[in-house]
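The lines below spell out each chain.
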Amino acid sequence: SEKCLLRHFSSVGFWGLVNNAGISTFGETGWLSMEKYEKIADVNLLGSIRTTLAFLPLLRKYKGRIVFMSSIVAYFSLGNGIYSMTKAAIEKFCDALRLEMKKFGVRVCIIQPGNYARSTRIQPPVSAEEIWNELSEEEKAVYNKEYVQERANFFNSILSKGSTNGNEVVDAMVDALMSPTPKARYMVAKLTEKALVFVCVLFPTVVMDSVLSYALSK
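Residues numbered from 1 in each chain as written. Predicted model: local features only at pLDDT ≥ 70, side-chain atom pairs only at ≥ 80, totals over all residues. Heavy atoms only, no water.

Draft legend 1. Fine view of the packing of aromatic side chains. This model, assessed by the stated rule, comprises nine aromatic pairs. Between Trp 31 and Tyr 147, the aromatic rings sit 6.2 Å apart at their centres with planes inclined by 90°, giving edge-to-face as the arrangement. Highlighted residues: Trp 31 in the loop between strand E1 (16-19) and helix H2 (34-62) and Tyr 147 in helix H7 (residues 145-160), separated in sequence by 116 residues. On the numbers, 6.3 Å between centres and 65° between planes, the contact of Phe 198 with Phe 203 is edge-to-face. With a relative accessible area of 48%, Phe 198 lands in the partly exposed category. Residue class for Phe 203 comes out partly exposed when judged on its relative accessible area of 40%. Taken together, the ring pairs in this structure connect Phe 26, Trp 31, Tyr 143, Tyr 147 and Phe 155 into an aromatic cluster. Above the plane of the ring of Phe 104 lies Arg 60, whose end atom (NZ or CZ) is 5.6 Å from the centre. Seen from the ring of Phe 154, Arg 151 lies directly overhead, with NZ or CZ sitting 5.2 Å from the centre. (Phe/Tyr/Trp six-rings, centres within 6.5 Å; stacked < 30°, edge-to-face > 60°. Helix = DSSP H or I, 4+ residues; strand = E, 2+ residues; numbered from the N terminus. Buried < 20%, exposed > 50% of the residue type's maximum accessible area, 1.4 Å probe, protein only. Lys NZ or Arg CZ within 6 Å of the ring centre and 35° of its normal.)

Here it is as structure tokens:
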């Protein structure tokens, strides 16, 4: 239990916490039920917050490190808005926490992986048939099966291009925990993925919307 863990680590020391739990799903905003939104948020966002709050007294006591698993999709979304939403939220939580913990000597780091779907299996290939069958009648009246199939094919093509070098993300996590001077953010991504983030951060929103709309139309 939480109390047993806290009692144990209080005597032996506790220097590092990695919030790595995460789940994902695919679908446009209206395709997903409120239950799915709550489930994804509960694991990806609230789960990390619960764990952090539980161990915060020990991390302050031992001047430890807290590492959060985010994603480059905290900056943009390509058919996975529900996942992007939770990652954007965890980034803001970390930004506040990092400043608050500075006075206690606690370091807060964010890992921002690119597409490592083939390494983590966090998102299995999606089935257009399953998506269609789960749509409400209102959504079926707006979309058709061909559109759902196109979106599923597009998303599956992204998943198939994911890196298998998951060790790169692990290396960043280890550096965040062990380095004398850890970074606030570790972006572990391909050059093209970093370019997308660059455009998103430095250019007007209309530019990023145009880039993503073009990608979605291909």
